Amino acid sequence: MNAESLEGTITWRELWAETSNLIGDRAHARWLCEVASGSVDGDEFLARLDEQATERMVGHLDAMTTRLRAGEPLQYVLGEWSFRRITLAVDRRVLIPRPETELVAEVALAKAAAVGPTRLVADLGTGSGAIGLSIAHELPLDSTMVWITDASTEALDVARANIAGLGPAGVNVRVAHGSWFDALPAELVFDVVVANPPYVAVGSADLEVSVGDWEPHAALFAGPDGLDDIRRIIADAPARLRPGGWLVLEIGADQGDAVANLLSSAGFVDAEIRRDLAGLDRIALGRRP
Ligand code: GLN
C-alpha cells in the first residue's frame, strides 16, 4: 500500500480486503482497520465500511501492517488489548496482557470482594496495570483502594496512561515505584496482595520465541529456576498482609509444588494451586493466619 496514492480514493471495505491479503488473516486485518479508522468498536467500524479513509488513517494502517508483517505481536502493533472488562494501552515497555492473568485477577478480585467494609489491595509489578486496574474497576468505587507498583519506570508510564483511561475508578488507584514491597509505604498492611511476577527460568526452552523476542525480559526472567522473585515476594508478604489477608500469585506451570512449599514455609495457611484454562498450574494463593 502507498499512503499518498490511496488518499481520498479508498474505502475501509477495500482497505480491509487489501490488508487481509497482505497479512493472510481477515480478523486481524479487521482489528488493524478498526484501530486505524479510529472506530470505538466493531459495530462502528462496520457502519463505516463505505467511507473513504483519510491519508493519515491510511498511513497509520500502512505502518501497522508493516510492523505486523515484520513479526511484531498483534497486541503491540494495535497498541491496545482488552483484559477482562477494560481496554489497556500496551507497548513493548510491558508484557502483553494474557488470558491466564485474567484468572489471576479473578481470584484476587474474589478475595478482595469478600473483605469489608473497605479493602486495600496491592498489585506488585503491575506492568500495564492489568490486574490492579481491573480490581479497581470491578469492585465498589466507594470502598476500594488499589496500590500498583513496578520497578520499571517505563512500565509505570504505561500504567499511568491506563489509569487515565479507566474512568471514575482511577481515583482509587495509587502508583508507587520500586521493587516488590519496597515500593510501598512502610505503614500500609494489605487485605490482598496480588502479582504476576517474572517466573521464567533463565535459558528456559519452554518460552515461546515471539515472547522472548518482543516482550520485556525484566518482566519474564527470574533466575535459574524462575523463582527468584516469587521467593522474595513470599518471604516479605506476611509482614505486609493483615491477619487473614491473601497473597495471590501467577506462577509457571511447573512451579506448583515448589511454590506451595514456599507458601507453607513462610507460614501461609490454606495454600492452594489452581489451574488455568489450559489445565496447567498457574495460580498460587495462601492466607496469612
Ligand atoms: N506467561 C508468560 C509466558 O511464559 C510469562 C509471564 C511471566 O513471567 N509473568 O509466556
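None of these values were measured; they are calculated from a predicted model.

Asks: Quick question: what am I supposed to make of the nonpolar core here?
Replies: The tendency in soluble globular proteins is for nonpolar side chains to be buried side by side. In this structure, Leu133, Ile135 and Val248 are the most contacted members of the largest nonpolar core, which totals 33 residues. If you list the elements that add at least two residues to this core, you get strand 2 (86-89), helix 7 (99-113), helix 8 (130-138), strand 4 (144-150), helix 9 (153-164), strand 6 (190-195), strand 7 (241-250) and strand 9 (281-287). By residue number, the principal contributor to this core is helix 7, which donates six residues. Here Leu133 is in contact with Ile86, Leu88, Ser128, Ile148, Ala159, Asn162, Ile163, Leu166 and Val173, once residues within four sequence places are set aside.

Asks: What exactly am I supposed to notice about the environment of Arg231 here?
Replies: Examined against the element boundaries, Arg231 turns out to sit in helix 11 (residues 228-240). Along the chain, Arg231 and Leu263 lie 32 residues apart, while their C-alpha atoms are 9.0 Å from each other. Setting aside residues up to four positions removed in sequence, Arg231 forms contacts with Asp225 and Leu262. Here the side chain of Arg231 touches Asp225 through a polar contact of 3.0 Å, side chain to side chain. Of note is the side chain of Arg231, whose polar atom sits 3.0 Å from the side chain of Asp228.

Asks: What should I look at first to understand the site of the ligand in this one?
Replies: The environment of the ligand is formed by Leu95, Arg98, Glu100, Asn196, Pro197, Pro198, Tyr199, Val200, Leu207, Val211, Ala219 and Leu220. Contact between the ligand and Asn196: a nitrogen atom at 2.7 Å from a side-chain N or O atom of the residue. One nitrogen or oxygen atom from the main chain of Pro197 is found 2.8 Å from a nitrogen atom belonging to the ligand. Contact with the protein chains hides 87% of the accessible area of the ligand, taken as 300 Å² for the molecule alone. Here the ligand is seated within the largest pocket. Considering only residue class, the shell around the ligand consists of nine nonpolar, one polar and two charged.

Thresholds applied
Residue indices begin from 1 for each chain and proceed along its sequence in written order. pLDDT decides what is reported in this predicted model: residues at 70 or higher carry local features, side-chain atom pairs at 80 or more are listed and counted, and totals for whole chains, interfaces and linings draw on all residues regardless. Values shown for side chains rest on all heavy atoms present in the structure; no hydrogens or waters enter the calculation. Put simply, a nonpolar core is a bunch of buried Ala, Val, Leu, Ile, Met, Phe, Trp, Tyr and Cys residues held in one set by side-chain atoms that sit within 4.5 Å of each other. Three labels apply to residues, based on accessible area from a 1.4 Å probe with only protein chains included: buried if under 20% of the type maximum, exposed if over 50%, partly exposed otherwise in between. Only runs of H or I of at least four residues qualify as helices and only runs of E of at least two qualify as strands under DSSP, and these elements are numbered from the N terminus. In this analysis, two residues are considered to be in contact whenever any of their non-hydrogen atoms come within 4.5 Å of each other. Think of a polar contact as two N or O atoms within 3.5 Å of one another; within protein, one of them needs to be a possible hydrogen donor and the other a possible acceptor, and neighboring residues in sequence only count if both atoms come from side chains. A molecule or strand has a residue near it when one of that residue's heavy atoms lies within 4 Å. Each accessible area value is a Shrake-Rupley result obtained with a 1.4 Å probe; residue values ignore everything except the protein chains displayed when judging cover. The distinction between a cavity and a pocket rests on a 1 Å grid over the protein atoms alone: a 1.4 Å probe fits inside a cavity but cannot get out, while a pocket stays open yet meets protein on both sides within 12 Å along at least five of seven lines, and a residue with an atom within 4 Å of a point counts as lining. Cavity and pocket membership follows a simple rule, namely that a molecule belongs there if more than half of its atoms are within 2 Å of the grid points. The nonpolar class holds Ala, Val, Leu, Ile, Met, Phe, Trp, Tyr, Cys and Pro. Asp, Glu, Lys and Arg form the charged class, and all remaining residues, Gly among them, are polar.

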